[in-house]
Structures are given as C-alpha cells and as structure tokens.
Amino acid sequence: MNRYLPLAITALAILALATLFLVIAPGMQISAQGPTSGLKPYTEAEARGREVYVSLGCLYCHSQQPRSLAQAPDAERGWGRASVAGDYAYDAPHQLGTMRTGPDLMDIGDRMPSQAWQLTHLYQPRAISSWSIMPAYPYLFTHKDKAGPDDVVVKLPAKYAPKSGVIVAKQDALDLVKYLQGMTRQYAPPKDGLRDNGYALIAEKQREATDATKASN
Amino acid sequence: MQITETLGLLLALSFVISLLALTILIWAIANKQVHTPDADDARTIFEPGEGADTDAPNDPHHFNAARAGIDASSSSVVMWLIAAAVFWLIYGSLHGLAASLELHLPDLMSGTAQMTFGRMRTVHLNSVAYGWASQGGLAAVCWILPRIFRTELRMTGLLKTGIVLWNIGLAAGVFAIANGWTDGLEWLEIPWQIDIVLAAGAACFVAPLIATAKHRNVHHIYVSGWYFLAAVLWFPVLFVIANIPGVHHGVEQATMNWWYAHNVLGLWLTPLGVGAAYYFIPKIIGKPVYSYALSLVGFWALALFYSQVGIHHLIGGPVPTWLVTLSVVHSVMMFVPVIAVAINQHVTVAANLWALKESIPLRFISFGAVMYTLASFQGSIEALRSVNTITHFTHYTVAHAHLGAYAFVSLVLMGVIYQVVPRATGKYWPFPRMIAWHFWLNVIGFAIYFFSLTIGGVLQGLAQLDATKPFADSVTLLKPYLEGRSLGGGLMTLGHVLLVINLIAIGFAKKTRETETENMVAAE
C-alpha cells in the first residue's frame with residue numbers, strides 16, 4: 001500500500017458497489033411497486049400537518065412501520081397490519097422512524113380519530129395519560145379570553161385549564177391533527193407487498209423442522 | 001417471484017464479491033504478490049532512535065528539530081480545528097443533556113418549539129457528529145498526515161477556508177433545525193440549501209490533503225494514511241449524493257437514508273478514530289504495532305463490509321427481505337476487520353502497560369480503541385434478527401450509538417487533543433491533574449449512561465413484545481433508566497468543561513519551552 005491512486009480508486013469503487021446494492025437496486029425494485037392500490041395522496045391540510053410533524057421531530061419517538069405478527073404483537077396492540085413499501089409512496093421525507101419511546105403511529109387515525117382527544121393530548125399529554133413523557137406543545141395553541149365563532153376550543157381538565165378564558169388551537173395544531181386523523185389504511189391490504197419477510201421465513205423453517213421431527217417419530 | 005430470485009442472486013453476488021476480494025488479498029499477502037507491509041514499514045512513524053513520546057515528568061516531551069517545519073505548517077490549522085471541535089462538543093453536550101432531561105421531566109422546558117425534545121435531540125446529534133467528531137477527526141488528520149509523509153501540510157489557506165465554510169454552514173444548519181426548518185431524515189436534517197455551504201467546506205479539505213500525500217518523502221504510506229485518505233474521499237461523496245434533493249421518496253429514501261447514516265459512522269468517523277489510534281498508540285509507546293501486515297486486511301475488510309451494513313436499521317420493516325439479509329450478513333462479517341484492528345492495537349498496549357501510567361492521552365486513546373472493539377462486536381450481534389427484534393425500537397440502540405460515537409471516537413479524539421495541543425503550541429497544559437479528572441468523569445459518566453440505557457432498553461423491548469402488557473408499561477419502567485442517563489450525561493458534560501478550561505488556559509499561557517520555539521523559527 002504505497003501508492004495513492006490505486007488506494008483512492010479501489011476505495012471509491014467499493015463505495016460505488018455499496019451504493020449499487022443499498023440504494024440503486026432496492027430503489028428500482030421499490031419504485032416498480034408503485035403506491036398500494038387505494039392509497040390516496042395527502043390533502044392540502046394533511047400535507048401541511050405533516051410538515052408540522054416533521055418540523056417538531058415527532059419521528060424521534062414515533063415509528064410508522066408496524067411489524068408482522070411473526071415478529072411482534074404490533075397488530076394485537078391495534079397498530080395495524082404490517083406495512084409494505086407501497087404504503088409510503090407519497091411520503092417525502094419518509095418518517096419510518098427507529099424509536100418507540102411512544103407508540104407506532106401508522107394507524108393512529110384508526111385508533112384515535114377524535115379531534116378533541118388529539119388537541120387535548122397535544123396541548124398537554126399528561127391531561128390524558130399521567131404516565132406520558134411526551135412533550136407538551138402549548139405553542140401550537142393560544143390563550144384567549146373568549147372563543148371566536150371559528151375557534152376550536154381545547155377541552156381540558158381543571159388541573160390543566162387556564163384560570164380564566166379558553167385555550168384555542170392554532171392552524172398548525174389543526175393541520176397536525178388532520179394529518180394524524182388521516183393516518184389510516186382502510187384500503188384493501190396489498191397481496192404481494194414488499195417488506196422484510198425474514199421473521200416469517202424463520203418461523204416457517206422452524207415449523208417445517210418441528211413437523212419433520214414429529215413425522216420421523 | 002422472478003424478481004425476488006434475481007435479487008436473491010444479487011445478494012449472494014455481493015457477498016461473494018466481498019469474500020473473494022478478501023481471499024485474494026490474503027492470498028496475495030501470504031504469497032508475497034503485493035508488497036506486504038512489514039515491521040520496517042510499521043516504523044515509518046518514528047525518527048531513527050526515537051523512543052516513547054509521553055509527557056511523564058521525568059521524560060518531558062521532546063520537540064524534534066527535523067520536524068519543526070512540519071509542525072509550523074500544520075499547527076495553526078490543527079488548532080483552528082480543535083477550537084471549533086471543542087466549541088461544538090460543549091454546544092452539543094448541553095443540548096444532549098437537555099434532551100435527556102426532557103425525557104423524564106417532560107414539562108421542564110416545554111415553553112418554546114426551539115426547546116422541544118425533537119429539536120434539542122437533533123441539534124445535539126448534528127453538533128456532535130458534524131461539529132465535534134468530524135472536526136476533531138480532521139484535526140488528527142491534519143496533524144498526522146504531514147508527519148507520516150514527512151512533508152509540510154500543503155494549501156493551508158484552502159484548509160482554513162474549508163474550516164470557516166464548514167462552521168458557518170453548520171451554525172446555519174443547527175439554527176434552521178432549532179427553528180423547525182429541516183429535511184426530516186435522521187442524520188440528514190440540515191436543509192439541502194445549507195448543505196451546499198457544507199459541501200463546499202468539505203471539498204476544501206480534499207485537495208490539500210491529496211496534495212500533502214503527493215509530496216510525501218516516504219516510500220510507504222503508513223496505515224493511518226490509508227484510513228484517512230480513503231475517508232476524506234468517502235465522506236464528501238456520501239454527503240453530496242445523500243443530500244441531492246428530490247431524487248427519492250418513501251421507502252427508497254429510507255434505504256438511502258440508512259446507507260448514508262451508517263456510512264457516516266463506518267466510512268468517516270470510524271476511519272478517523274481508528275487511523276488516529278493506529279498512529280498515536282505506537283507513537284506514544286515508542287514501539288511499532290504488533291502485526292503490521294494484519295492492518296492491511298483490517299482496512300480492506302472494513303471498506304468491503306462496513307459499507308453495506310446500513311439497512312440493519314430497517315430490519316422487520318417495509319423493505320425487501322434480501323436487502324435486510326445483505327446488511328445483516330455484512331454486519332456479522334465486521335468481526336473480521338475489528339479483530340484485525342484489535343490484535344494490532346490492544347496487544348501493543350497490553351505489552352506496554354507502563355505507558356498508560358505515564359501518558360494520560362494514551363489512556364484516552366487506548367480506552368477508545370478498546371471501546372471500538374466492543375461497540376463493533378455489539379453491533380454485529382445486535383444486527384441478528386433474533387436480537388434486533390428486542391432492541392430495534394428501544395434506547396438500547398442509543399446506548400450502542402454512544403458506545404461507538406462517544407466511548408470510541410470521542411475519547412480517542414480527546415486523547416489526540418491532549419497529546420497534540422502541547423506539541424502544536426509549544427506549551428504545557430496548565431492544569432494536568434484536570435486531565436485525569438476529565439478522563440475519570442467521562443469513563444464513570446459513560447458507564448452509568450451506557451448500562452442505564454442498555455438495561456432499560458432491553459426491558460423496554462421485552463415489554464413491547466409482550467402483548468399482555470399495555471404500551472404504558474414500556475414507558476413507566478424506563479423512567480429510572482432515563483434518569484440514570486441524565487446523571488451519566490451530566491458527568492460526561494462536566495468532563496468536557498474541564499477540557500475547555502484547560503484549553504482556554506493554555507491559550508493564555510506563556511511558551512514554556514524556549515528551545516523548541518527557536519527550532520521552529522530556525523526551520524522555517
């Protein structure tokens with residue numbers, strides 16, 4: 001290893017190989033799938049709400065990728081079926097997430113469709129669940145003496161309610177709730193969706209092995 | 001089904017290519033088809049007759065007249081980088097600590113959007129990854145390369161332009177994130193418009209370092225040079241490709257995201273840390289590394305395997321099965337380069353334990369090197385599907401990330417700073433005992449941090465896999481472990497403050513070694 005040029009070329013060639021395998025090849029395979037049939041693009045309000053979600057960094061505590069039953073009981077928790085690549089066709093930036101300090105949100109619109117619940121929860125999560133460690137987002141709301149005709153008033157228990165006047169949702173809060181309410185997958189599940197089936201394959205192999213042992217006995 | 005088979009074939013192909021390349025390399029070394037680096041090559045970092053380079057009281061550090069010109073060329077660039085790196089270390093630590101506190105005291109700082117957890121945490125990551133570790137690593141590069149090549153650092157003006165651009169870009173990026181303007185991908189949050197400034201800054205580093213390599217006065221490129229020269233090419237390429245806007249969306253973007261994010265660790269921060277350890281461990285001890293030929297295998301195996309591990313961040317997710325398997329297999333193969341590096345670095349230290357007493361910088365660096373071995377072993381095991389299913393979405397991952405980025409990379413770089421600054425400035429550290437305090441605060445603080453999150457993370461993962469337990473259980477059980485993390489993080493931050501105090505004090509200190517100063521001037 002005494003010459004610079006061969007070192008540089010080989011090093012960059014290895015990176016190119018990795019890019020081919022990790023980005024280009026899967027990218028082609030995934031884009032060939034297209035959106036899952038029945039999946040709708042975001043409405044304007046939902047798209048704005050998604051921007052609020054991204055900008056506040058919800059991603060760092062909430063995943064959007066329920067796992068398969070072969071791996072984890074996500075579906076039993078009501079988090080929805082295992083997601084496939086086509087479910088994310090309209091997502092940019094993607095928000096798959098890598099952390100579950102809070103629950104998965106892929107199907108939060110199915111679980112918690114109520115606007116009132118979502119607004120209270122965003123204003124002060126501990127008003128709903130005393131154990132919650134989610135941040136409160138008071139800056140998505142305003143404190144008014146009296147609600148106007150178009151204002152959405154946040155329902156709060158006495159402990160968290162202001163001494164006088166009302167708490168009213170700002171546009172950002174309303175948009176964010178629209179986005180969360182839209183997080184449902186009521187369309188038909190895809191037949192051959194693309195996802196990591198590693199755990200299902202392992203389970204299948206284990207079943208086959210047990211069956212074979214039983215048969216030989 | 002057809003396409004799955006094709007892709008399965010591709011998967012096998014990638015793995016076979018990696019294995020074949022490695023086998024050919026080992027065959028070539030065994031049969032002397034390539035020039036195998038040997039003990040003489042390993043000694044290229046020493047002057048004839050040079051001994052240990054500790055700062056023990058009975059062995060004050062010497063300043064080699066022959067190298068004084070090299071010192072003069074790199075000193076100011078290195079000091080700029082260290083000053084900037086340490087600023088971001090403090091800035092990032094305070095944000096990390098705040099984010100940690102917010103997880104168990106959620107109403108502590110909820111008044112403004114800038115201080116919400118999702119932004120604090122992200123400012124922390126970007127500050128420490130791109131501000132602290134990247135610039136601290138570049139300081140090591142700018143110090144070591146001229147020395148192993150026995151030539152001056154070239155184009156220092158361009159390097160300084162790069163430092164200025166990089167820090168302006170990073171400050172703008174961090175300000176944008178705090179105020180809600182983000183690209184929204186982990187490790188790629190800084191808006192692409194600002195990334196143009198950062199990319200320009202990174203580009204300014206490439207030409208000077210290549211020019212320095214071109215002018216080298218040694219036949220052999222020492223192993224640190226391989227890691228550094230490859231890394232300074234890898235990072236700009238990765239950074240630019242990953243930040244091109246509008247190319248990907250959805251799951252395609254997710255695979256790109258983790259290709260990038262794990263390569264920032266594998267092909268950028270890791271080579272910087274490993275390369276620095278490969279230079280300073282033998283240099284401080286005064287003896288070459290244990291088995292220099294092995295370092296060649298370690299380097300190429302790292303490049304081949306580490307570059308393809310990223311998709312283990314998406315195990316069990318909506319990505320193709322073959323792709324996940326590919327990354328799992330390569331994650332496990334990481335045992336090869338890691339063991340190669342471990343044999344070289346740890347055996348050298350283990351045979352010279354006296355040096356750990358004499359040199360506190362060596363204590364930092366060799367502790368960091370051991371943590372590299374442990375972090376990598378842990379990473380390989382964590383990527384197995386059976387283990388990953390417990391740890392994937394938990395704070396266990398955060399503990400692992402800090403074992404790599406903090407206990408390994410950051411501790412090595414702190415050791416580099418303690419070793420280099422006296423030699424770059426011609427001064428002694430004003431408060432040497434504070435350095436030992438810093439070391440122990442970091443080690444103890446990190447131990448509390450790591451074990452809290454590791455244990456808490458496993459319990460969190462197990463609770464989430466148990467369908468009979470409500471989700472709330474996984475949150476409430478975590479609380480004491482999150483508090484432990486804040487305690488550990490607080491001690492770590494305190495250690496960093498001691499570094500800053502010493503660094504500011506050395507800035508105001510007088511030059512203590514007149515002879516060295518004369519040599520420096522004379523050589524110019």
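- Named according to an unreviewed UniProt entry, chain A is Cytochrome-c oxidase originating from Thioclava nitratireducens.

Structural notes on the packing of aromatic side chains
What describes a pair of aromatic rings is the distance from one ring centre to the other and the angle between the planes of the rings.
Thought 1: Enumeration over the complete set of coordinates arrives at 33 aromatic pairs over all chains.
Thought 2: Aromatic side chains B:Trp226 and B:Tyr292 sit 6.3 Å apart centroid to centroid with 45 degrees between the ring planes, which places their arrangement in the tilted category. Placement of B:Trp226 in helix H7 (residues 223–243) and of B:Tyr292 in helix H9 (residues 292–306) is noted, with a sequence separation of 66 residues between them. The exposure classification of B:Trp226 matches that of B:Tyr292, with both residues buried.
Thought 3: Ring centres 5.1 Å apart and planes at 80 degrees place the aromatic pair B:Phe439 and B:Trp440 in the edge-to-face group.
Thought 4: The exposure class assigned to B:Trp440 is partly exposed, which follows from its relative accessible area of 44%.
Thought 5: Grouped by ring-pair contacts, the aromatic residues B:Tyr222, B:Trp226, B:Tyr227, B:Trp234, B:Tyr278, B:Tyr292, B:Phe299 and B:Trp300 constitute a single cluster.
Thought 6: A cation over a ring is seen here: A:Arg100 above B:Phe393, with NZ or CZ 4.0 Å from the ring centre.
Thought 7: When the ring centre of B:Trp80 is taken as origin, the NZ or CZ atom of B:Lys160, which lies over that ring, is 5.0 Å away.

Concerning the packing of helix H2 (residues 44–56) of chain A against helix H5 (residues 171–181) of chain A
Residues and elements named next belong to chain A.
Thought 1: Their axes nearest at 7 Å, the elements H2 and H5 cross at an angle of 105 degrees. One finds that H2 runs roughly perpendicular with respect to H5. Residues Ala45, Glu46, Arg48, Gly49, Arg50, Val52 and Tyr53 of H2 form the contact with H5, whose own contacting residues are Gln171, Asp172, Asp175, Leu176, Lys178, Tyr179 and Leu180.

Here's the deal with unusual backbone geometry
Thought 1: For the peptide bond that leads from A:Ala92 to A:Pro93, omega is -5 degrees, which places it in the cis range.
Thought 2: With respect to the secondary-structure elements, A:Pro93 resides in the loop between H2 and helix H3 (108–111).
Thought 3: A positive phi angle, close to 50 degrees, is found at B:Arg150, a residue other than glycine.
Thought 4: You can see B:Arg150 is positioned in the loop between helix H4 (117–149) and helix H5 (156–178).

Considering the interface of chain A and chain B
Thought 1: Residue-level contacts link 76 residues of chain A with 100 residues of chain B.
Thought 2: Between chain A and chain B, a total of about 7,400 Å² is buried, with carbon and sulfur atoms accounting for 66% of that surface.
Thought 3: Our count for the chain A to chain B interface comes out at two salt bridges.
Thought 4: Applying the counting criterion to the chain A and chain B interface returns 33 residue pairs in polar contact (both at pLDDT 80 or more).
Thought 5: Secondary structure elements with two or more residues in the side of chain A that touches chain B: helix H1 (4–33), H2 and helix H6 (198–216) of chain A.
Thought 6: Top element by residues in the side of chain A that touches chain B is H1(A). It accounts for 20 residues.

Things to note about the pattern of salt bridges
Side-chain pairs of opposite charge can arise whenever the charged atoms involved come near each other.
Thought 1: All chains considered together, the criterion is met by twelve salt bridges over all chains.
Thought 2: The partner of A:Arg67 in a salt bridge is A:Asp74, with the nearest N and O atoms 3.8 Å apart.
Thought 3: The partner of B:Glu186 in a salt bridge is B:Arg121, with the nearest N and O atoms 3.8 Å apart. Of this pair, B:Glu186 sits in the loop between H5 and helix H6 (192–214) while B:Arg121 sits in helix H4, and the two are 65 residues apart along the sequence.

Here's the deal with the side chain of B:Gln464
Thought 1: Among the structural elements, B:Gln464 can be located in helix H16 (residues 432–465).
Thought 2: The exposure class assigned to B:Gln464 is buried, which follows from its relative accessible area of 4%.
Thought 3: Looking at B:Gln464, its side chain comes within polar contact range of the main-chain oxygen of A:Arg100, at 3.0 Å.
Thought 4: Excluding residues within four positions of it along the chain, B:Gln464 makes contact with A:Pro73, A:Arg77, A:Arg100, B:Phe471 and B:Ser474.

Structural notes on the confidence of the model for chain B
All names here are of chain B.
Thought 1: Considering every residue of chain B, the mean pLDDT works out to 91; 92% of them sit at 70 or more.
Thought 2: Across chain B, element-level confidence peaks in H5 with a mean pLDDT of 98 and bottoms out in helix H19 (residues 514–523) with 36.
Thought 3: Counting contacts from residues 57–63, a segment whose pLDDT is below 50, to residues more than four positions away or on other chains yields 23 contacts.
Thought 4: When the criterion is pLDDT under 50, residues 514–524 qualifies, and its contacts beyond four places in sequence or with other chains add up to 13 contacts.

Details of a nonpolar patch on the surface
Thought 1: A cluster of nonpolar side chains, contributed by A:Leu12, B:Val237, B:Val240, B:Ile241, B:Ile244 and B:Val247, occupies part of the molecular surface with about 440 Å² of accessible area.
Thought 2: Broken down by element, the nonpolar patch gets its largest block of residues, three residues, from H7(B).
Thought 3: Here B:Val240 shows up in helix H7.

A closer look at the environment of A:Ala75
Thought 1: Within the secondary structure, A:Ala75 sits in the loop between H2 and H3.
Thought 2: Excluding residues that lie within four positions of it along the chain, A:Ala75 makes contacts with A:Leu69 and A:Gly80.

Some details on the environment of B:Leu462
Thought 1: Within the secondary structure, B:Leu462 sits in helix H16.
Thought 2: Its relative accessible area of 42% is what places B:Leu462 among the partly exposed residues.

A few points about the packing of H1(A) against helix H8 (residues 250–285) of chain B
Thought 1: In the contact formed by H1(A) and H8(B), the axes pass within 8 Å of each other and the chain directions differ by 165 degrees. As summarised for this structure, H1(A) and H8(B) are arranged roughly antiparallel, according to the angle between their axes. In this structure, H1(A) crosses over H8(B), and the sense of that crossing is right-handed. The residues of H8(B) that touch H1(A), namely those facing A:Leu15, A:Ala18, A:Thr19, A:Leu22, A:Val23, A:Pro26, A:Gly27, A:Ile30 and A:Ser31, are B:Val251, B:Glu252, B:Thr255, B:Met256, B:Trp259, B:Asn263 and B:Leu267.
Thought 2: Partitioning the contact of H1(A) with H8(B) into residue classes produces ten nonpolar, five polar and one charged.

Re the side chain of B:Asn442
Thought 1: Considering the arrangement of structural elements, one finds B:Asn442 in helix H16.
Thought 2: If we ignore the near neighbours within four places in the chain, the residues touching B:Asn442 are B:Tyr406, B:Leu411, B:Met414, B:Leu491, B:Met492, B:Gly495 and B:His496.

Concerning the state of the cysteines
Structurally, a disulfide amounts to a covalent bond that connects the sulfur atoms of two cysteines.
Residue and element names in this part refer to chain B.
Thought 1: Inspection of every chain in the model, using the stated rule, returns zero disulfides over all chains.
Thought 2: No disulfide involves Cys142; its sulfur sits 12 Å from the nearest other cysteine sulfur, which is in Cys204.
Thought 3: When its relative accessible area of 0% is taken as the criterion, Cys142 is described as buried.

Re the environment of A:Tyr88
Thought 1: Structurally, A:Tyr88 is set in the loop between H2 and H3.
Thought 2: Relative accessible area serves as the criterion here: at 2%, A:Tyr88 is assigned to the buried category.
Thought 3: As a C-alpha pair, A:Tyr88 and A:Thr36 span 52 residues in sequence and 8.4 Å in three-dimensional space.
Thought 4: When residues no more than four places from it in sequence are discounted, the contact partners of A:Tyr88 are A:Gln64, A:Gln65, A:Ser83, A:Leu96, A:Met106, B:Gly250, B:Val251 and B:Pro318.
Thought 5: Among the polar contacts listed, one links the side chain of A:Tyr88 to the backbone oxygen of A:Gln64, at a separation of 2.6 Å.

Rules used throughout
Residues numbered from 1 in each chain as written. Chains lettered and ligands numbered in written order. Predicted model: local features only at pLDDT ≥ 70, side-chain atom pairs only at ≥ 80, totals over all residues. Heavy atoms only, no water. Phe/Tyr/Trp six-rings, centres within 6.5 Å; stacked < 30°, edge-to-face > 60°. Helix = DSSP H or I, 4+ residues; strand = E, 2+ residues; numbered from the N terminus. Buried < 20%, exposed > 50% of the residue type's maximum accessible area, 1.4 Å probe, protein only. Lys NZ or Arg CZ within 6 Å of the ring centre and 35° of its normal. Axes fitted to C-alpha atoms, helices over the stretch in contact; angles between N-to-C directions. Parallel < 35°, antiparallel > 145°, perpendicular 65-115°, else oblique. Contact = heavy atoms within 4.5 Å. Buried area = accessible area lost by both parts, 1.4 Å probe. Salt bridge = Lys/Arg side-chain N within 4 Å of Asp/Glu carboxyl O. Polar contact = N/O pair within 3.5 Å; in protein donor to acceptor, adjacent residues only side chain to side chain. pLDDT = per-residue confidence, 0-100. Patch = residues over 30% accessible without salt bridge, like charges linked within 9 Å, V, L, I, M, F, W, Y side chains within 5 Å. Areas by Shrake-Rupley, 256 points an atom, 1.4 Å probe, with all protein chains shown as cover. Left-handed = near helix turned anticlockwise from the far one by under 90°. Nonpolar A, V, L, I, M, F, W, Y, C, P; charged D, E, K, R; others polar. Disulfide = S-S within 2.5 Å.

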